[in-house]
Amino acid sequence: MRQALLRPRLRLHGTIEDDWIDRLIEVIEAGAEDDILSIEVMTTGGDAEVGRRLSLEICMARDRGRRVAFLGKTTVYSAGATFMGCFRTEERWLTPDCWLLIHERQMQADIPLNGGLRACRAQLQKAMAEVETGEVLQRKGFEDLAAGSKLSADEVERRALENWYLKADEALELGLVGGIFEG
């Protein structure tokens, strides 16, 4: 594992966005099946749905027998924590300087009400459906992150309500990661 973490197959830094998906798929397809697919991540967050898609690609690679490892460096915030959650606890590593940020999904929307009352109701129902779907997806992310740790998904969710920042050593103590990687 140490060698795989020293030489990650993929280094993802910056805002989580669509091009991360293509980069991950290229590395998965190019790698030997017996290699450990190690991924180094440093991010302040980004698109939550891209984080979910990255997670899906990792799960599919693991289902095909691929061994995987996650190395968080410096910051793994927001959608980065969502992505980290798809890795099993023992596959998650952080550098000693790393901070995690776990929080609720964010949404910003103006809901224009324009037209007849039924049209206005439909516009509001659409917005509520988006919120309700987001809550379901958020819960799944908290469950994935909590799996194998000392925390329940309820506890992760409770802490996330107030933008939960935690250092690498705290994440290790809570069992959210398998280890601290000193390099």
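Residues numbered from 1 in each chain as written. Predicted model: local features only at pLDDT ≥ 70, side-chain atom pairs only at ≥ 80, totals over all residues. Heavy atoms only, no water.

Student: Sorry if this is basic, but what is going on with the overall build of the protein here?
Tutor: For the protein, the count of helices and strands is 7 helices and 7 strands. Order of helices (α) and strands (β) in the protein, N terminus to C terminus: α-β-α-β-α-β-α-β-β-α-α-β-α-β. Counting only C-alpha atoms, the protein reaches 65 × 35 × 25 Å along its principal axes. By the burial criterion, 43% of the 183 residues in the protein qualify as buried. When contacts within the protein are restricted to residue pairs at least 6 apart in sequence, those whose partners lie at least 24 apart make up 70%. A gap of 2 Å separates the mean positions of the 24 positive and 32 negative side-chain charges of the protein. (Helix = DSSP H or I, 4+ residues; strand = E, 2+ residues; numbered from the N terminus. Buried < 20%, exposed > 50% of the residue type's maximum accessible area, 1.4 Å probe, protein only. Contact = heavy atoms within 4.5 Å. Lys, Arg positive; Asp, Glu negative; His and termini not counted. Charge placed at Lys NZ, Arg CZ, Asp CG, Glu CD.)

Student: Can you help me understand unusual backbone geometry in this one?
Tutor: If a residue is not glycine, its phi is most likely negative; likewise, a peptide bond is most likely trans. For Thr74, which is not glycine, the phi torsion reads 70° and is therefore positive. Position of Thr74 among the secondary structure elements: in strand β3 (residues 67-77). Exposure remark for Thr74: the relative accessible area of 33% places this residue in the partly exposed category. The backbone of Ser78 shows a phi angle near 55°, a positive value even though the residue is not glycine. Along the chain, Ser78 turns up in the loop between β3 and α4 (79-84).

Student: In this structure, what is going on with the packing of aromatic side chains? I would like to understand it.
Tutor: Working definition: an aromatic ring pair is given by the centre-to-centre distance plus the angle between the planes. Scanning the model with the defined rule gives 4 aromatic pairs in all. Through pairs of rings, three or more aromatic residues link up here, namely Phe70, Phe83 and Phe87. (Phe/Tyr/Trp six-rings, centres within 6.5 Å; stacked < 30°, edge-to-face > 60°.)

Student: Is there a simple way to think about the environment of Ala61 in this case?
Tutor: Its location among the elements puts Ala61 in helix α3 (residues 48-63). Sequence separation of Ala61 and Glu17 is 44 residues, and the distance between their C-alpha atoms is 20 Å. Leaving out residues up to four positions away in the same chain, Ala61 has contacts with Ile28 and Arg66.

Student: I tried to follow the pattern of salt bridges on my own but got confused; where do I start?
Tutor: Any two side chains of opposite charge can pair, given that their charged atoms come close. As enumerated under the stated definition, the model contains 14 salt bridges in all. A salt bridge links Glu40 to Lys73; its shortest N-O distance comes to 3.0 Å. Here the residue Glu40 occupies a position in strand β2 (residues 36-43), and Lys73 occupies one in strand β3, the gap between them amounting to 33 residues. Using a relative accessible area of 28% as the deciding quantity, one classes Lys73 as partly exposed. Here Glu91 ties to Arg88 by a salt bridge, and the two come within 3.6 Å at their closest N and O atoms. (Salt bridge = Lys/Arg side-chain N within 4 Å of Asp/Glu carboxyl O.)

Student: Looking at this structure, I do not really get the state of the cysteines. What am I missing?
Tutor: Two cysteines, two sulfur atoms, one covalent bond between them: this is a disulfide. Counted according to the given criterion, the structure contains 0 disulfides. Of all cysteine sulfurs in the structure, the one in Cys59 sits closest to Cys86, which takes part in no disulfide; the separation is 5.0 Å. We note that Cys98 lacks a disulfide partner, and the nearest cysteine sulfur, in Cys86, lies 15 Å from it. Overall, the relative accessible area of 0% leaves Cys98 in the buried class. (Disulfide = S-S within 2.5 Å.)

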